[in-house]
Amino acid sequence: SHCAQMDPILPLVRDALADLAPVPPTARFYTTVAEDPRSMVTLDGGYWATNLREPVRFDQAVAAAVADGHRLFVECAPHPLAVRAVGDIARQEGATDTVALGTLRRDTDDQQAFAAQLGGAHCAGAAVDWAARYAGELAEVPTATWHRTHHRFDPPYELIAPALVGAAQHSL
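These numbers come from a predicted model, not from an experiment.

Here's the deal with the overall build of the chain
Argument step 1. Within the chain one finds six helices and two strands.
Argument step 2. Start at the N end of the chain and walk to the C end: the helices and strands fall as α-α-α-β-α-β-α-α.
Argument step 3. Expressed as a percentage of its 172 residues, the buried residues of the chain come to 24%.
Argument step 4. Taking the contacts inside the chain whose residues are at least 6 apart along the sequence as the reference set, 58% of them involve residues at least 24 apart.

Here it is in structure tokens:
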């Protein structure tokens, strides 16, 4: 797709999607179809036919989102393919604090995969309503307190071959 070979089926696509009744997005939308990814587009059959035919301007859309301050990206797909590209584009744009996650993973239980990615989003700072996922009260668990107390004998290991060069420098 995304080439002239799609031209013969574009009228069929437009006809098949003619009944779409799109509403304006409530979240910021970046299009990969228009030259300006911030363009206000109507997501009707014509848009999706154009999307099928025109080149994908994924890098421009991600770069615009990064420039606008977005740092958490979620790829909604049966197996993430663009996650690495999002990170690469963000780094090219100078953003080193970007997190890109998938939703599902091939050969993995969908609920497990989604929950794991939701946890990743939470760790990246996204607000997650865990009560919606888990019934009942959620326990407030204290964060880990690192005392940096060593519980070992000194030295922590016995040198098996003390004559070897560097044997006393590292425990491995």
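Anyway, onward from the coordinates.
Thoughts on the pattern of salt bridges
Argument step 1. The tally for this structure, following the rule as stated, stands at four salt bridges.
Argument step 2. With a shortest N-O distance of 2.6 Å, R53 and D7 are connected by a salt bridge. Taken as a pair, R53 in helix α2 (residues 45-53) and D7 in the segment before α1 (10-16) lie far apart in primary sequence, 46 residues in all.
Argument step 3. When its relative accessible area of 22% is taken as the criterion, R53 is described as partly exposed.
Argument step 4. Put simply, R38 and D68 hold a salt bridge, and the shortest N to O gap is 3.0 Å. Pair noted here: R38 is in the loop between α1 and α2 and D68 is in the loop between α3 (58-67) and β1 (72-74), with a separation of 30 residues, a long-range link.
Argument step 5. Residue classification places R38 among the partly exposed residues on the basis of a relative accessible area of 31%.
Argument step 6. The partly exposed category is assigned to D68, whose relative accessible area is 38%.

Here we look at unusual backbone geometry
Argument step 1. Despite not being glycine, H2 shows a phi value in the positive range, around 65°.
Argument step 2. Topologically, H2 is positioned in the segment before α1.
Argument step 3. Phi angles above zero are rare outside glycine, and D107 is one such case at about 60°.
Argument step 4. Here D107 falls in the exposed class, since its relative accessible area comes to 79%.

Quick word on the packing of α3 against helix α4 (residues 83-92)
Argument step 1. At a minimum axis distance of 9 Å, the contact between α3 and α4 shows a crossing angle of 60°. Between α3 and α4, the angle is such that the two are oblique. At the point where α3 passes α4, the crossing takes the right-handed sense. Taking contact as the criterion, the partners of F58, D59, V62, A63 and V66 in α3 are, on α4, A85, V86, I89 and A90.

Rules used in this analysis
- Residues numbered from 1 in each chain as written.
- Predicted model: local features only at pLDDT ≥ 70, side-chain atom pairs only at ≥ 80, totals over all residues.
- Heavy atoms only, no water.
- Helix = DSSP H or I, 4+ residues; strand = E, 2+ residues; numbered from the N terminus.
- Buried < 20%, exposed > 50% of the residue type's maximum accessible area, 1.4 Å probe, protein only.
- Contact = heavy atoms within 4.5 Å.
- Salt bridge = Lys/Arg side-chain N within 4 Å of Asp/Glu carboxyl O.
- Axes fitted to C-alpha atoms, helices over the stretch in contact; angles between N-to-C directions.
- Parallel < 35°, antiparallel > 145°, perpendicular 65-115°, else oblique.
- Left-handed = near helix turned anticlockwise from the far one by under 90°.

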